[in-house]
Amino acid sequence: MLLVSFFPKDGQGSGFSVDLTSFSRGVQTPLKQSKMAIGEPIQIKSGDGQVFEFSPEFVNKSLFLKQMIADTDFNGKEAIEFESLPGEVLDIVSQWLRMHADTPARDDEDRQIMKYNLTLTQADTALFDSLVPRKRLANVINAAYYLEMPDLIDTLVKYVSVSVDGKTGEQLSNWLEIPLAQPPTVQPDAITGDADKPEGEAEASAEDKAEEKND
């Protein structure tokens, strides 16, 4: 179940929650038409209480938000709270949206054309480079998929592809901040099969093999 909560912007009164599970799976459920005036910004509230203003252009880059607003009776007076998204993550998403405020949302055809263009702006690279430890980058990637933001997802995929291209295993390990698995240590006796034999038996076995070789 995917619950999104709505709370009055002024903090007065109680809010309400809507189950949007069907929306996130691409299934449109007929609900009341939105009462929100076209062109009004909305407020997004993080799970830790931080509030971000999303302009209509920002909302247009999130398929999840677009469908939710269109298919519910959301009137724009409540702040939409995403309990599972911390403010730190929504702040990065908001920064990226402001950086690309003048770029309209791409349609499927445009994204297909740009699919193999791995060019990134310096601003995008600097923003994502700042996400250390890498768990912060992973959290932003998860948020982009959660909010269904294909343009941001494409940019993140390109960033990771460019960042790991040509790296050795050790370099990848350092960049991803994931330690390389160490091979198990094998004792010499384990190779000969004498590891579990008493010392005298192991020596006798070695002598027997030597005699067999001489014969």
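Being a predicted model, the structure only gives us computed values, none of them experimental.

### With respect to the overall build of the chain
Here is step 1: Helices and strands together make up the secondary structure of the chain, namely 11 helices and five strands.
Here is step 2: Here the chain holds 215 residues, and 33% of them are scored as buried.
Here is step 3: In the chain, the share of contacts with a sequence separation of at least 24, taken over all contacts with a separation of at least 6, comes to 68%.
Here is step 4: Just so you have it, the chain exposes about 13,500 Å², and 52% of that area is on carbon and sulfur atoms.

### Thoughts on the confidence of the model for the chain
Here is step 1: Considering every residue of the chain, the mean pLDDT works out to 79; 69% of them sit at 70 or more.
Here is step 2: Confidence drops under a pLDDT of 50 for residues 1-9, and excluding neighbours within four residues, the segment shows 51 contacts in the predicted structure.
Here is step 3: For the stretch residues 13-33, pLDDT sits under 50, and the model shows 49 contacts to residues farther than four places along the chain or on other chains.

### Remarks on the packing of helix 4 (residues 87-99) against helix 6 (residues 122-129)
Here is step 1: Interhelical geometry of helix 4 versus helix 6 gives an angle of 175° and a closest axis separation of 11 Å. The angle between helix 4 and helix 6 falls in the class roughly antiparallel. Between helix 4, through Ile92, Gln95, Trp96 and Met99, and helix 6, the contact on the second element is made entirely by Ala123, Asp124, Leu127 and Phe128.

### Brief notes about the packing of helix 7 (residues 134-146) against helix 8 (residues 150-164)
Here is step 1: At their nearest, the axes of helix 7 and helix 8 sit 9 Å apart, and the two run at 150° to each other. Taken together, helix 7 and helix 8 sit at an angle that is classed as roughly antiparallel. Remark: the crossing between helix 7 and helix 8 carries left-handed chirality. Note on element contacts: helix 8 touches helix 7 through Leu152, Ile153, Leu156, Val157, Tyr159 and Val160, opposite Arg134, Leu137, Val140, Ile141, Ala144 and Tyr145.
Here is step 2: Tallied by class, the residues present in the contact of helix 7 with helix 8 amount to 11 nonpolar, no polar and one charged.

### With respect to helix 4
Here is step 1: The end-to-end C-alpha separation of helix 4 is 18 Å, in line with the 18 Å expected for 13 residues at 1.5 Å each.
Here is step 2: Among all positions of helix 4, only Gly87, Val89, Leu90, Ile92, Val93, Ser94, Trp96 and Leu97 are buried.
Here is step 3: Residues of helix 4 that are buried make contact with strand 3 (42-46), strand 4 (51-54), helix 2 (56-59), helix 6, helix 7 and helix 8.

Analysis parameters
- Residues numbered from 1 in each chain as written.
- Predicted model: local features only at pLDDT ≥ 70, side-chain atom pairs only at ≥ 80, totals over all residues.
- Heavy atoms only, no water.
- Helix = DSSP H or I, 4+ residues; strand = E, 2+ residues; numbered from the N terminus.
- Buried < 20%, exposed > 50% of the residue type's maximum accessible area, 1.4 Å probe, protein only.
- Contact = heavy atoms within 4.5 Å.
- Areas by Shrake-Rupley, 256 points an atom, 1.4 Å probe, with all protein chains shown as cover.
- pLDDT = per-residue confidence, 0-100.
- Axes fitted to C-alpha atoms, helices over the stretch in contact; angles between N-to-C directions.
- Parallel < 35°, antiparallel > 145°, perpendicular 65-115°, else oblique.
- Left-handed = near helix turned anticlockwise from the far one by under 90°.
- Nonpolar A, V, L, I, M, F, W, Y, C, P; charged D, E, K, R; others polar.
- Expected span 1.5 Å × (residues − 1).

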